[in-house]
Amino acid sequence: MNFEKLKQYIKDSGLPNFRIAQVREAVFKRGVSSWEEASNLPADLRAKLDKEFPILSFRVTQVVCSRRDRVAKALLTLHDGLQIETVLLKPQDTWSVCVSSQVGCALRCAFCSTGKMGFKRDLTQEEITDQVLMWYQYLHKEKLGERISSVVFMGMGEPLLNYLNVVKAAQDLSNPDYLNIGARHISVSTSGIADKLHKLAVDLPQANLAVSLHNADNDERSKLMPVNRRYDLDELKKALEEYIAMTGRQVLLEYSVLENVNSRPEHIRKLADWIYSIKDNYLLHVNLIACNLGRGEKTDERVVKNFAAGLKAMGIGVTIRKSMGNDILAACGQLASQRK
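Keep in mind the model is a prediction, meaning the values are calculated, not measured. (Residues numbered from 1 in each chain as written. Predicted model: local features only at pLDDT ≥ 70, side-chain atom pairs only at ≥ 80, totals over all residues. Heavy atoms only, no water.)

**Student:** Run through the environment of Asn 306, naming residues and quoting values.
**Tutor:** The residue Asn 306 is located in helix H10 (residues 301-313) in this model. Sequence separation between Asn 306 and Lys 270 is 36 residues, and the spatial gap between their C-alpha atoms is 16 Å. (Helix = DSSP H or I, 4+ residues; strand = E, 2+ residues; numbered from the N terminus.)

**Student:** Residue-level account of the packing of aromatic side chains, with values.
**Tutor:** Each pair of aromatic rings is reported with the distance of its centres and the angle of its planes. Tallied over the entire structure, the rule returns six aromatic pairs. Measuring from ring centre to ring centre gives 5.4 Å for Phe 3 and Phe 28, while their planes differ by 80°; the resulting arrangement is edge-to-face. With Phe 3 in helix H1 (residues 3-12) and Phe 28 in helix H2 (residues 18-29), the pair connects residues that are 25 residues apart, well separated along the chain. Of the two residues examined, Phe 3 and Phe 28, each falls in the buried class. Ring centres of Trp 135 and Tyr 138 lie 5.2 Å apart, and the angle between their planes is 90°; on these two criteria the pair is classed as edge-to-face. Placement of both Trp 135 and Tyr 138 in helix H4 (residues 125-142) is noted, with a separation of three residues, approximately one turn of the helix. Look at Trp 135 and you get buried, because its relative accessible area is 0%. Judged by relative accessible area, which is 16%, Tyr 138 ranks as buried. Among the aromatic side chains, those forming a connected cluster through ring pairs are Phe 3, Phe 28 and Tyr 178. (Phe/Tyr/Trp six-rings, centres within 6.5 Å; stacked < 30°, edge-to-face > 60°. Buried < 20%, exposed > 50% of the residue type's maximum accessible area, 1.4 Å probe, protein only.)

**Student:** Lay out the sheet that holds strand S9 (residues 208-212) with the relevant residues and their values.
**Tutor:** Across the sheet, 10 strands lie side by side as S1-S2-S3-S4-S7-S8-S9-S10-S11-S14; this open sheet has mixed pairing. Of all the strands in the sheet, the pair left with one neighbour each is strand S1 (59-65) and strand S14 (318-320). Neighbour-to-neighbour, the strand axes of the sheet open up by a mean angle of 25°, direction not taken into account. Bridge count for strand S8 (residues 186-190) against S9 is four bridges, and the pairing is parallel. (Pairing = 2+ DSSP bridges. Axes fitted to C-alpha atoms, helices over the stretch in contact; angles between N-to-C directions.)

**Student:** Just give me the short version of the pattern of salt bridges, but keep the residues and values in it.
**Tutor:** Going through the model one piece at a time under the given rule, you end up with 11 salt bridges. Here Asp 217 makes a salt bridge to Lys 270, at a shortest N to O gap of 2.6 Å. Linking Asp 217 in the loop between S9 and helix H7 (218-224) with Lys 270 in helix H9 (residues 265-276), this pair joins segments that are 53 residues apart in sequence. Using a relative accessible area of 33% as the deciding quantity, one classes Lys 270 as partly exposed. When salt bridges that share partners are traced, they join Asp 80, Arg 121 and Glu 127 into one network. (Salt bridge = Lys/Arg side-chain N within 4 Å of Asp/Glu carboxyl O.)

**Student:** So, unusual backbone geometry: which residues are in play, and what are the values?
**Tutor:** Excluding glycine, residues mostly carry a negative phi; peptide bonds, for their part, are mostly trans. Positive phi values are uncommon outside glycine, yet Lys 143 reaches one of about 55°. As for its position among the elements, Lys 143 is in the loop between H4 and strand S7 (148-153). According to the relative accessible area criterion, Lys 143 is exposed, its value standing at 75%. Unusually for a residue other than glycine, Asp 280 sits at a positive phi of about 55°. Looking at the secondary structure, you find Asp 280 in the loop between H9 and strand S11 (284-290). Given a relative accessible area of 29%, Asp 280 falls into the partly exposed group.

In structure tokens:
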């Protein structure tokens with residue numbers, strides 16, 4: 001919902017300012033999914049808002065829930081008929097939302113289903129924030145809790161190729177007048193668009209940065225991630241050094257382990273060497289995940305644990321991230337706008 005435009009509409013209509021506070025309370029506190037539910041507003045205003053300002057900028061086509069994990073995935077149909085997916089998950093004690101920033105993706109990483117769709121278009125600021133608002137409504141409706149604690153830009157698309165809309169959406173989400181999600185609970189994941197990291201450090205200095213690395217050999221990384229031909233490991237290294245110097249924030253290096261592709265001892269050595277070559281490398285932390293290969297299939301956990309042990313032996317900070325939602329194709333790299 002474009003709240004700024006709605007506020008202006010209320011002012012232009014000559015309505016009292018307290019109506020703005022009532023709208024905010026209904027939408028961002030009570031999580032109403034229709035204006036009819038906003039009982040604190042007069043009936044005639046509810047009817048006008050229903051006609052002029054739909055709460056969500058898309059239609060929720062389908063929601064599927066995992067039988068294994070606390071994960072739900074929604075298929076959303078946009079105003080032009082294109083579709084995206086977004087995920088709600090509870091990895092520990094709080095709810096998190098994984099949002100998409102584009103319809104499809106132009107980067108075509110070898111292990112990612114979204115890339116196989118190709119690129120359709122960027123999402124608007126409103127289409128991004130509405131994904132979080134939709135899940136907020138869902139939590140209230142299903143009585144699963146009343147708060148979304150974190151948002152990760154790790155869904156469909158490359159966030160830094162839709163830079164302005166992603167930054168504006170992140171700023172809106174952390175606005176106390178909106179959903180009031182702390183800036184340090186918002187994470188942006190990039191495949192390594194190096195020339196945008198300086199701007200990100202300026203515009204979202206408190207947000208968390210995750211870089212999808214997946215290989216520390218230029219030739220091999222280019223095969224997995226064609227974006228490396230444009231922004232190679234040397235350029236990414238320089239951009240990370242500048243980002244860390246500007247923000248003083250820890251950066252996560254995402255590494256999806258594929259057996260016999262990027263999991264051998266030489267890959268561990270090259271990754272450790274690349275990290276140690278970066279200034280202030282103590283602020284880099286490797287986040288390992290078993291690569292999702294298909295419904296219910298992923299890289300053997302023993303391979304991931306061996307990789308983690310090898311990094312730890314070389315003094316590298318590493319965490320193995322739990323993969324969730326694999327059974328409903330909601331895990332990393334599996335979003336692809338498919339009706340299930």
